[in-house]
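Below are the chains, spelled out letter by letter.
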Amino acid sequence: YLAFFISGVSAILYEVIWIRLLGLSFGGVTMVIAVVTSVFLLGLAIGAGVGGRIADTLVKTGQLKGLGLWYLGIELTVAMLGLVNLKIFADFRLSGDDYRLPVAGALLLIQTIAAGATYPVMYKMLLLLGKSWNVTGLIAFLNTLGGAIGAFLAAFFLLSNFGIHQTVFFAVGL
């Protein structure tokens, strides 16, 4: 269950970090918040759909180890893209080109699709461990609670005390 909580913390940490970093690049945050939030939610939705289908296929074909490897691969992809996006978005401040926000949206979409795929895979693993399907309320609660705590930590502690780079490294470490 802890994985659902940690997943919520790290996902929202990334969202707040990207809003902060891209806000510095573009000078205004309204457009940045709109792009990051819409892309974040779109990516989570697409990722959940794709991740759920792949998880179902792996279970139906008896590839239970494949499910665990798929989950590990997704988490590593999210972390790697967090570091890649940090470098790219930090470099955006050096450029005044109009292409930056669409490129940022596309890069965030890739990362958030991967992040969205983790939830159904983790849920499927719980079912395989013998948990009842009715744990969905508990795991949604833990994931959302993690998100709320992640947003609070990012805004009121991590970014102000450690800066953007260290906060990304913290999110990657989760």
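Coordinates for the structure precede this section.
What comes next concerns the included structure. From a predicted model like this one, the values you see are computed outputs, not experimental measurements.

Given 3.6 residues to a turn, an α-helix orients residues that are three or four positions apart in the same direction. Compared with the 45 Å implied by 1.5 Å per residue over 31 residues, the 45 Å span of helix H2 (residues 30–60) between its first and last C-alpha is a close match. Buried residues of H2: Val32, Val36, Val39, Phe40, Gly43, Gly47, Gly51, Gly52, Ala55 and Leu58, and no others. The secondary structure elements touched by the buried residues of H2 are helix H1 (2–26), helix H3 (64–92) and helix H4 (100–128). Count one or two residues on from H2 and you reach glycine 62, which has phi positive near 75°.

For the rest of this paragraph, the subject is the environment of threonine 61. Locating threonine 61 in the fold gives a position in the loop between H2 and H3. When the C-alpha positions of threonine 61 and leucine 42 are compared, they lie 29 Å apart, and in sequence the two are 19 residues distant. For threonine 61, the side chain forms a polar contact with the main-chain oxygen of threonine 57, separated by 2.9 Å.

Moving on, we come to a nonpolar patch on the surface. Among the surface-exposed residues, Tyr1, Leu138, Phe141, Leu145 and Ile149 lie close enough to one another that they form a single nonpolar patch of about 420 Å² accessible area. Within the fold, tyrosine 1 resides in the segment before H1.

The rules behind the values
Residues numbered from 1 in each chain as written. Predicted model: local features only at pLDDT ≥ 70, side-chain atom pairs only at ≥ 80, totals over all residues. Heavy atoms only, no water. Helix = DSSP H or I, 4+ residues; strand = E, 2+ residues; numbered from the N terminus. Expected span 1.5 Å × (residues − 1). Buried < 20%, exposed > 50% of the residue type's maximum accessible area, 1.4 Å probe, protein only. Contact = heavy atoms within 4.5 Å. Polar contact = N/O pair within 3.5 Å; in protein donor to acceptor, adjacent residues only side chain to side chain. Patch = residues over 30% accessible without salt bridge, like charges linked within 9 Å, V, L, I, M, F, W, Y side chains within 5 Å. Areas by Shrake-Rupley, 256 points an atom, 1.4 Å probe, with all protein chains shown as cover. Salt bridge = Lys/Arg side-chain N within 4 Å of Asp/Glu carboxyl O.

The quantities given are spatial measurements derived from coordinates; they are silent on function.
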